[in-house]
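As a plain string of letters, each chain reads:
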Amino acid sequence: QGRAEVDSGDYEKGQQTFEEGLALSLEIGHTVDEAYYRLGLGRLALARGQAKQARVLLQQACDLFRESSSPTELSVSLAWLGYALLSLGDWEAAHRSTSQGVAQMEALGDISSDYPAQEVWWLHYQVLKAAPGKSEESGSRKASRARSRATEDLSQLTDTYAWMVLQRARQVTMSGIT
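Residues numbered from 1 in each chain as written. Predicted model: local features only at pLDDT ≥ 70, side-chain atom pairs only at ≥ 80, totals over all residues. Heavy atoms only, no water.

A. Representation of the side chain of Thr17 in the model. Position of Thr17 among the secondary structure elements: in helix H2 (residues 11-28). Using a relative accessible area of 18% as the deciding quantity, one classes Thr17 as buried. Apart from the residues lying within four places of it in its own chain, the contact partners of Thr17 are Gln1, Gly2, Glu5 and Tyr37. (Helix = DSSP H or I, 4+ residues; strand = E, 2+ residues; numbered from the N terminus. Buried < 20%, exposed > 50% of the residue type's maximum accessible area, 1.4 Å probe, protein only. Contact = heavy atoms within 4.5 Å.)

B. Helix H5 (residues 71-87), seen in detail. The first and last C-alpha atoms of H5 sit 24 Å apart over 17 residues, in line with the 24 Å expected at 1.5 Å per residue. Of all 17 residues in H5, 14 are buried, a share of seventy percent or more. The first or second residue beyond H5 is Gly89, which carries a positive phi of 90°. (Expected span 1.5 Å × (residues − 1).)

C. Here's a closer look at the nonpolar core. Within the largest apolar cluster, 31 residues are counted, with the highest numbers of intra-cluster contacts made by Leu39, Leu58, Val76 and Trp80. If we skip the residues at most four places from it in the chain, Val76 touches Leu39, Met105, Tyr115, Glu119 and Val120. Residues Val6, Leu41, Leu44 and Leu57 belong to the second largest nonpolar core, which totals six residues. (Core = buried A, V, L, I, M, F, W, Y, C linked by side-chain atoms within 4.5 Å.)

D. Representation of the pattern of salt bridges in the model. Counted according to the given criterion, the structure contains four salt bridges. With its nearest N and O atoms 2.8 Å apart, the salt bridge here joins Glu12 to Arg48. With Glu12 in helix H2 and Arg48 in the loop between helix H3 (31-47) and helix H4 (51-67), this pair connects stretches of sequence that are 36 residues apart. Residue classification places Arg48 among the partly exposed positions, given a relative accessible area of 28%. Put simply, Asp63 and Arg66 hold a salt bridge, and the shortest N to O gap is 3.6 Å. On the criterion of helical spacing, the pair formed by Asp63 and Arg66 is a turn pair, its members being three residues apart in helix H4. Since its relative accessible area comes to 33%, Asp63 is described here as partly exposed. (Salt bridge = Lys/Arg side-chain N within 4 Å of Asp/Glu carboxyl O.)

E. Quick peek at unusual backbone geometry. A positive phi angle is found at Ser69, which is not glycine, with a value near 55°. For Ser69, a relative accessible area of 62% corresponds to the exposed category.

F. Fine view of the side chain of Ser77. By the secondary structure assignment, Ser77 is in helix H5. Leaving out residues up to four positions away in the same chain, Ser77 has contacts with Leu39, Ala61, Cys62 and Phe65.

G. Geometry of the environment of Ala61. Tracing the chain through its elements places Ala61 in helix H4. Excluding its chain neighbours within four sequence positions, the residues that come into contact with Ala61 are Ala35, Arg38, Leu39 and Ser77.

H. Structural view of the packing of H3 against H5. In contact at an axis separation of 11 Å, H3 and H5 are set at 25° when each is read in the N-to-C sense. Our classification of the angle between H3 and H5 gives roughly parallel. Here H3 runs over H5; the crossing is left-handed. In this structure, H3 uses Tyr36, Leu39, Arg43 and Leu46 to contact H5, whose residues at the interface are Glu73, Val76, Ser77, Trp80, Tyr83, Ala84 and Ser87. (Axes fitted to C-alpha atoms, helices over the stretch in contact; angles between N-to-C directions. Parallel < 35°, antiparallel > 145°, perpendicular 65-115°, else oblique. Left-handed = near helix turned anticlockwise from the far one by under 90°.)

Keep in mind these numbers describe shape, not what the thing actually does.
Written as C-alpha cells, this is what we have:
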C-alpha cells in the first residue's frame, strides 16, 4: 500500500504507511518485513531528494534481505542503493551496486514477485548513462591524446553496454506483457 501511495505522489501517506509497518515489524521481530519497509522508505527519501537518508535506509534493506536469503528483493534493493549512490556522486559505488543487482536478477531468470525486474535493469542503465567522462568536457584539454582516446574507447564501450542493458529492460518488460 505504501508503494502505491508514493507512486501516486502522496508522499505523506506513503511515509506514514511505511513507518507504521516498520514499527510493527520491529516490534514483532520480522526482519523481512522490516527490510521491505526500509526499502520503501529509502525509495521515498530518494523521491524527496534526500539521497543520504536513502542510502542509509537502502543499505539496511540490502543487509536485511541478504541475511534473510531474499534474492529478488536483494537485487531490487541493490539497484535502488546504486541509484542513491549515484545521487550522492559516487559513480563507482553506484555502478558496483547496480551491477550486483543485475547479476542477481539475471541469476533468477529476471523473475520478480513484488517488484518489476525491469526496474533493476533501468536503474543500472541510468548509472551507466552517468558514467564519468560522458559529458565532462571543460575548457581545459585532456592531459594527452592517448588518454583522450582511452576515454573515448571506454565511453563507446559504456554506450554499447548501456544500450544492451536498456534493450534487456525492454525485453523483460515485454515478456511480462505477453
